[in-house]
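Working through the structure, step by step
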Amino acid sequence: FASLRGELPRPLEGSLAQGFGTHLHPRFKTKTVQSGLLIATESGASVRSVAEGKVIFADVYQNYGPMVILDHGGGFCTIYTHLRSFQVGKGQVLHSGEPLGTSGDTLDGPRLGFEIRHLAQPQDPQKWLKQRYR
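For the structure given in this document, a descriptive report is provided here.

Our focus in this paragraph is unusual backbone geometry. Positive phi, close to 60°, is recorded for His 82, a residue that is not glycine. Position of His 82 relative to the elements: it lies in the loop between strand 8 (76–81) and strand 9 (83–86). Positive phi, normally seen in glycine, also occurs at Leu 119, with a value near 50°. With respect to the helices and strands, Leu 119 occurs in the loop between strand 12 (109–118) and strand 13 (121–123). Here Leu 119 falls in the exposed class, since its relative accessible area comes to 61%.

Right, dumping it as structure tokens:
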């Protein structure tokens, strides 16, 4: 997986709603940390695996809603959150580009949360994608 840095396909089409890192709320002046990307998209858009991986989690999780986590080996995982639904199960192996679910809705509109982690440490997904979100 590490050799795919800068070469991964997008998990779905859309635009950047919020990038990786620390953000200051424009009205309340509070800081929040985004551990991945929030991608604005159409509700129900197909979400695809960015690389071959094994499903290690596919369930509803706290305020992330339906969530899928893929283990890509070498300590790397991708996390897909705010899904409307998922069509994979724990233990299933997905290939790059295979559908895993559909994007859902948040209070701010249709969004997909997408994270890449190495040994549980969040990575900036934009640095891993062949085509960055704008």
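With respect to burial, strand 7 (residues 65–73) is a largely interior element, 7 of its 9 residues being buried. Of the pairings in the sheet, the one linking strand 6 (residues 53–61) to strand 7 comprises 7 bridges and is antiparallel in character. Within the sheet, the bridge partner assigned to Ala 58 lies in strand 7 and is Val 68. As consecutive antiparallel partners, strand 6 and strand 7 are separated by 3 residues, and within that stretch Gln 62 has a phi angle of approximately 40°, a positive value.

Turning to the pattern of salt bridges, a few remarks are in order. Close approach of charged atoms allows side chains of opposite charge to pair. Scanning the model with the defined rule gives 4 salt bridges in all. Note that Glu 7 is salt-bridged to Lys 130, the shortest N-O span being 3.7 Å. You can see Glu 7 sitting in the segment before strand 1 (15–18) and its partner Lys 130 sitting in the segment after strand 13, a full 123 residues away along the chain. Taking the shortest distance from any N to any O, the salt bridge between Asp 105 and Arg 84 comes out at 3.8 Å. One end of the pair, Asp 105, is in strand 11 (residues 99–106); the other, Arg 84, is in strand 9, and 21 residues separate them in sequence. For Asp 105, a relative accessible area of 51% gives the class exposed. The exposure class assigned to Arg 84 is partly exposed, which follows from its relative accessible area of 48%.

This paragraph deals with the side chain of His 72. Mapping His 72 onto the fold places it in strand 7. Beyond its immediate sequence surroundings of up to four residues, His 72 is in contact with Phe 1, Ala 51, Glu 52, Gly 53, Cys 77 and Thr 78.

Here we come to a positive patch on the surface. Taken together, the side chains of Arg 5, Lys 127, Arg 132 and Arg 134 present a region of like positive charge at the surface. Relative to the helices and strands, Arg 5 resides in the segment before strand 1. Judged by its relative accessible area of 42%, Arg 5 is partly exposed.

All right, on to the environment of Thr 78 then. Looking at the secondary structure, you find Thr 78 in strand 8. C-alpha separation for the pair Thr 78 and Phe 114, spaced 36 residues apart in sequence, amounts to 7.2 Å. Here Thr 78 is in contact with Phe 1, Val 50, Val 68, Ile 69, Leu 70, His 72, Phe 114, Glu 115 and Ile 116, once residues within four sequence places are set aside. Polar side-chain contacts of Thr 78 include one of 2.7 Å to the side chain of His 72.

Procedures and definitions
- Residues numbered from 1 in each chain as written.
- Predicted model: local features only at pLDDT ≥ 70, side-chain atom pairs only at ≥ 80, totals over all residues.
- Heavy atoms only, no water.
- Helix = DSSP H or I, 4+ residues; strand = E, 2+ residues; numbered from the N terminus.
- Buried < 20%, exposed > 50% of the residue type's maximum accessible area, 1.4 Å probe, protein only.
- Pairing = 2+ DSSP bridges.
- Salt bridge = Lys/Arg side-chain N within 4 Å of Asp/Glu carboxyl O.
- Contact = heavy atoms within 4.5 Å.
- Patch = residues over 30% accessible without salt bridge, like charges linked within 9 Å, V, L, I, M, F, W, Y side chains within 5 Å.
- Areas by Shrake-Rupley, 256 points an atom, 1.4 Å probe, with all protein chains shown as cover.
- Lys, Arg positive; Asp, Glu negative; His and termini not counted.
- Charge placed at Lys NZ, Arg CZ, Asp CG, Glu CD.
- Polar contact = N/O pair within 3.5 Å; in protein donor to acceptor, adjacent residues only side chain to side chain.

Don't take any of this as a statement about function, it's just geometry.
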